[in-house]
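Summary of the model geometry
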Amino acid sequence: MLIRKTYAKGAKRLLYISMKVATFFIVGLLVHIVFFISIFDIYFTSPLVHGMTPQHVPLPPPAKRLVLFVADGLRADTFYKPDVNDTIRAPFLRAIMEEKGTWGISHTHVPTESRPGHVALIAGFYEDVSAVAKGWKENPVEFDSVFNESRHTWCWGSPDILPMFAKGASGDHVYTHTYPAESEDFASEDASKLDSWVFDEVKAFFNSAKGNENLLSKLHEEKNVFFLHLLGIDTNGHAHRPMSKEYLENIVLVDTGVSEIVSLVEDFFGNDGQTAFIFTSDHGMTDWGSHGAGHASETLTPLVAWGAGIQTAQRATTHLYQDQHQKEWNLGTLRRVDVNQADIAPLMSSLIGVPIPLNSVGVLPLNFLNNSQHFKAESMFANSIQILEQFKVKMTQKKETTLSFFFTPYPVLTEEKQEEFLQHAKSLIHRGLYDEAILLCVEMITQALEGLSYYHTYDRFFLGCSVVLGFVGWTSYVVLVILKTHASLRKPPGNRQLMSNEGLGRVFLCMGLAILAFLLVQASPWTYYIYCLLPVPVWHAVFKEIGTLLDLIKSAPSLPLCKCFGYFVLVTFGIELLVVSFFYRAMLSLGLLLLSLWPLLSGLHIKATTRSLTWALSCLCLAVFPLMPVVGRESNIHLVTCAAALTLFNTISYLVSSRRLSPLPRKDRQLFICQMVHVGLCAYVLTSTHASLQQKQGLPLFNQLVSWTTLVVSFFVPLLSSTRLFQRLMSILLSLVSTYLLLSTGYEALFPPMLSWLMFVWINMEQEAMSAGTLSKTELFRIDFSENIDITKIRQLKLDDIRRSYFFVFFIITAFFGTGNIASINSFDPASVYCFLTVFNPFVMGGLMMWKVLIPFVIVMCTFETIQVSTQLSSRSLFLIVLVISDLMALHFFFLVKDYGSWLDIGTSISHYVIVMSMTIFLMILSIMTHVLTSRRVFVGKKMKVHFK
């Protein structure tokens, strides 16, 4: 009877603890989501403002119409540089550069993707990174563009690019002609057909216009734009790499097509000399066929302009640029004019006489213009007023939402200085001092752009402090929860409360109301309320648990302070090692080398020599991966086949060894055999798919069906296996590896088998490290994930559990960066998803790549779940320590975020914080998934009973 009552009380306590854990989990998840979103409000807010007045140039423009060619994914070096035989790949455009036009390099900004690249080209501003994830076809915010300011714009090309400019236009004067989305197939025989379609459609359009009076009259109006988006080069680059025959031949096709369209347009308009032509690219491409980051091959794009209003070819007297590009490209005798990508929008506006797009931050490149100094001065004045208008609107907005005694105006550009500039510039132009007026306008543009940045980041410090305060408070609270509920502190008698809970609540309530009133008066955005008010309840919870901290201080004499300090130093060093590994992947190899010494330093090698050697060997094998090149640069399907063979070998070895310790039931054995056959099938599907694509025969339907089926069933098949520890882990591994093989293109396929080997050894080593020794070596095979926890056997946290938690965080970071730095967008290789689809679909492809990244996470998470069970810890004890370590890393990266330097440095610093925060959120969600994967079982058919020996 007494035993029943004890267990009843224990069950109630367990239920109470479970409810508290669930509440804590939900609150923690919400807090981390807020911290994650905060970085977008602080660094990724939209730069757009509205309410400006369009600025017109009071002089006639040099051109009536503009033809814009954008060769998507074309690199500057591949376009300009002759091949090994000194043959020019684009002879028509080369002749233009040498005789009729001006050329240079257009410098793009990160992220080097199609959407932001085209927005910079046509609208003149650099879109915030978050907009890329909001859709290619829709506009998260309305923006002005050259197309919008034109009288009529006709566009031909991709359905992923053209619609966003049609939607952004006021009225219905932007006409789009697109091919079906299914045409953007990486497995097509020749993606250059996309460009051929565009050229053919343009020719048909002009031919049909001759018999259409209404269309003919529109075409002969002024301020018209013709936009040809040529996607074939980008598609061939993804599918075959930029140095491939397909990519290079596509450049030749585009050059020929441009030549034909130029002749067609000139003939159509009677060679009136009123047409301007611009040829450029939205972004480049890496040698391994991807883009998105800031490598020179991605950010350097060609720019060639000719026709009405464009300066003809000039001989170079001096070289303004220190690089060796002109010499490598045999262009040393021609003058080169480099621009920022956003500068092309003002250039196009100036040529056809339309206002510069209202949100443009581009500066008119005068060296491209062949016009009078008067026209150049008036154009630069309009450019400076257009940017100054944005500055005024931004300043007014910030002034209206800030208390007057808190508002600090931009000191360099006060209202008096603005008025002085306007009067001085007008006076200089009126007196004919055009060169001086141009210099003054350039100076004003520089100051206005700096002022725009000043007001755009005005609240950054305030928001940053709020987030840091919340971060520190949350981390402190988690530490106190660990000390209170999971550590065996000696609790001295006496009053542990500094203030009553009621009084403490009143103090923090007053603080919250004061912050709320401050934000209401300033009419702050609703997200500001979350960031500023969140620290209040968090710190209230911290001060409510202050008694736990007092207990720790009073218990200090009885604690092993030297050992505690040693752990603190080691963990601090370990966290810094992980932070550095985000910048240098090789640091993970160093970390694995140090981890291989753990049995030697802890003395485990004495009583577990074989396992210690296996641990060291598996650590050293895994240490090879961070030293390898980033995944996606070179495909090697043979290595994927080897990974499948290694997985099958490991599984067979396990089945043979398990016969002695814990024989498998017949149905479990059959399930393992089916899963092994499935691994072999996936290896075959991958090999045959890539062979079919190389022969340009497309993606076989059977292979596609097998791939999608594998992805779906991989979540459910492990639930059919026994919940015994190693049997369930092996089933999970086989299911995950099957999907991973289909998403692999090279050596990364070997990573999950090697990682899982180390994880299996880690589980065994942790058993050896248990000082109590309550479980023998063979009892690991008898642990069942589905068994109810015996609350009487759950132990308190010890110092060694900090080491276990750090190991877990280290292995999670290794799982993320082991096969490539995903922080760099250009490590994405579309070839990884060819077994599933070849038609361009950014969100499906992104989802598949995300699951590929998460598969090693799940392997480590399942191992961590196993260690918590096998070491007799409650399901969330170790996870709380992991949360503290992850939050300390995230806080570290928050301070490393910067908004100065190169765009690559800025993007990298922000992405590191986003990765750590995403990782923490994913870990919290994946912990539920792995708990289900390990402890739940589904019985198919007749319900059966399984007896274990």
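Given the structure is predicted, the values throughout are model-derived calculations rather than measurements.

As a further point, take empty space enclosed by the protein. Throughout the structure, instances matching the rule amount to ten cavities of 30 Å³ or more. Counting residues per element, the ones that place at least two in the lining of the second largest cavity are helix H30 (725-742), helix H31 (751-769) and helix H33 (842-870). In terms of residues, the lining of the second largest cavity owes the most to one element, H31, which gives four residues. Looking at the lining of the second largest cavity, its residues break down into eight nonpolar, two polar and no charged.

What follows deals with the side chain of Glu-766. With respect to the helices and strands, Glu-766 occurs in helix H31. Relative accessible area serves as the criterion here: at 0%, Glu-766 is assigned to the buried category. Of the polar contacts made by the side chain of Glu-766, one reaches the side chain of Arg-803; its length is 2.4 Å. The residues touching Glu-766, leaving out its near neighbours within four places in the chain, are Trp-598, Arg-803, Arg-804, Phe-807, Ile-867 and Thr-871.

Below, the discussion takes up the side chain of His-229. Mapping His-229 onto the fold places it in strand E5 (residues 224-230). At a separation of 3.3 Å, a polar atom in the side chain of His-229 contacts the main-chain amide nitrogen of Ser-158. Not counting residues within four places of it along the chain, the set of residues in contact with His-229 comprises Val-70, Asp-72, His-118, Trp-156, Gly-157, Ser-158, Ile-161, Leu-162 and Val-198.

A few words now on the pairing of strand E2 (residues 102-107). Among the six residues of E2, five are classified as buried, and the element is accordingly described as predominantly covered. Sheet topology note: the E2/strand E7 (residues 300-307) ladder contains six bridges and is antiparallel. Along E7, the bridge assignment pairs Thr-102 with Ala-305. Alignment of E2 against strand E8 (residues 339-340), held across two bridges, turns out to be parallel. Paired with Ser-106 across the bridge in E8 is Val-339.

Core analysis: the largest hydrophobic core is formed by 147 residues, its most contacted members being Trp-615, Phe-808, Phe-811 and Tyr-913. Considering each element in turn, this core owes the most residues, 15 residues, to H33. Once residues lying within four places of it in the same chain are set aside, the contact partners of Trp-615 are Leu-595, Ser-596, Trp-598, Pro-599, Leu-758, Val-761, Trp-762, Met-765, Phe-807 and Phe-811. One finds Val-119, Phe-375, Ile-387 and Phe-421 within the second-largest nonpolar core, a separate group that totals 67 residues.

For the pair helix H32 (residues 799-817) and helix H34 (residues 877-896), interaxial distance at closest approach is 9 Å and the crossing angle is 55 degrees. When the axis of H32 is compared with that of H34, the two are oblique. At the point where H32 passes H34, the crossing takes the right-handed sense. Mapping the contact onto sequence places Asp-801, Ile-802, Arg-804, Ser-805, Tyr-806, Phe-808, Val-809 and Ile-813 in H32 and Leu-878, Ile-881, Val-882, Ile-885, Ser-886 and Met-889 in H34. Partitioned by chemical class, the residues of the contact of H32 with H34 number ten nonpolar, two polar and two charged.

With that settled, the discussion passes to the sheet that holds E2. The mixed open sheet is built from eight strands, whose spatial order is E4-E3-E5-E1-E6-E7-E2-E8. The sheet is open, and its two edges are formed by strand E4 (174-178) and E8, each paired on a single side. Relative to strand E6 (residues 275-280), strand E1 (residues 65-71) runs parallel, the two being bridged by six bridges. From the neighbouring strand, Arg-65 faces E6, where its bridge partner is Thr-275.

With that settled, consider the environment of His-177. Counting through the fold element by element, His-177 comes out in strand E4. On the basis of relative accessible area, His-177 is assigned to the partly exposed category, the value being 27%.

This part covers the confidence of the model for the chain. Taken as a whole, the chain shows an average pLDDT of 84; of its residues, 87% reach a score of 70 or greater. Put simply, helix H1 (residues 2-43) is where the chain has its lowest mean pLDDT, 68, and E6 is where it has its highest, 98. Every residue in residues 132-140 is under pLDDT 50, and counting partners more than four places away or in other chains gives 25 contacts.

Let us now look at the packing of aromatic side chains. Within this structure, the stated rule accounts for 56 aromatic pairs. Taking the centre distance of 6.4 Å and the plane angle of 85 degrees together, the rings of Phe-894 and Phe-895 count as edge-to-face. Note on Phe-894: relative accessible area 7%, which makes it buried. For Phe-895, a relative accessible area of 56% puts it in the exposed group. Each member of the aromatic cluster is reached from another via a ring pair, and the members are Trp-154, Trp-156, Tyr-175, Phe-205, Phe-206, Phe-226, Phe-268 and Phe-269. Over the face of the ring belonging to Phe-807 we find Arg-803, whose NZ or CZ atom lies 5.0 Å from the ring centre.

This brings us to the pattern of salt bridges. This model, assessed by the stated rule, comprises 17 salt bridges. Its salt-bridge partner being Glu-768, residue Arg-611 comes within 3.2 Å of it at the nearest N-O pair. On the criterion of sequence distance, the pair formed by Arg-611 in helix H26 (residues 609-622) and Glu-768 in helix H31 is long-range, its members being 157 residues apart. Residue Arg-611 is classed as partly exposed on the basis of its relative accessible area of 24%. Its salt-bridge partner being Glu-766, residue Arg-804 comes within 2.6 Å of it at the nearest N-O pair. Taken together, the residues span a long stretch of sequence, with Arg-804 in helix H32 and Glu-766 in helix H31 at a distance of 38 residues. A relative accessible area of 2% means that Arg-804 is categorised as buried. Overlapping salt bridges, with partners in common, bring together Glu-766, Asp-801, Arg-803 and Arg-804 in one network.

Parameters and conventions
- Residues numbered from 1 in each chain as written.
- Predicted model: local features only at pLDDT ≥ 70, side-chain atom pairs only at ≥ 80, totals over all residues.
- Heavy atoms only, no water.
- 1 Å grid on protein atoms, 1.4 Å probe; cavity = no way out; pocket = protein on both sides within 12 Å on 5 of 7 lines; lining within 4 Å.
- Points joined across faces, edges and corners; volume = space filled by probe spheres on them.
- Helix = DSSP H or I, 4+ residues; strand = E, 2+ residues; numbered from the N terminus.
- Nonpolar A, V, L, I, M, F, W, Y, C, P; charged D, E, K, R; others polar.
- Buried < 20%, exposed > 50% of the residue type's maximum accessible area, 1.4 Å probe, protein only.
- Polar contact = N/O pair within 3.5 Å; in protein donor to acceptor, adjacent residues only side chain to side chain.
- Contact = heavy atoms within 4.5 Å.
- Pairing = 2+ DSSP bridges.
- Core = buried A, V, L, I, M, F, W, Y, C linked by side-chain atoms within 4.5 Å.
- Axes fitted to C-alpha atoms, helices over the stretch in contact; angles between N-to-C directions.
- Parallel < 35°, antiparallel > 145°, perpendicular 65-115°, else oblique.
- Left-handed = near helix turned anticlockwise from the far one by under 90°.
- pLDDT = per-residue confidence, 0-100.
- Phe/Tyr/Trp six-rings, centres within 6.5 Å; stacked < 30°, edge-to-face > 60°.
- Lys NZ or Arg CZ within 6 Å of the ring centre and 35° of its normal.
- Salt bridge = Lys/Arg side-chain N within 4 Å of Asp/Glu carboxyl O.

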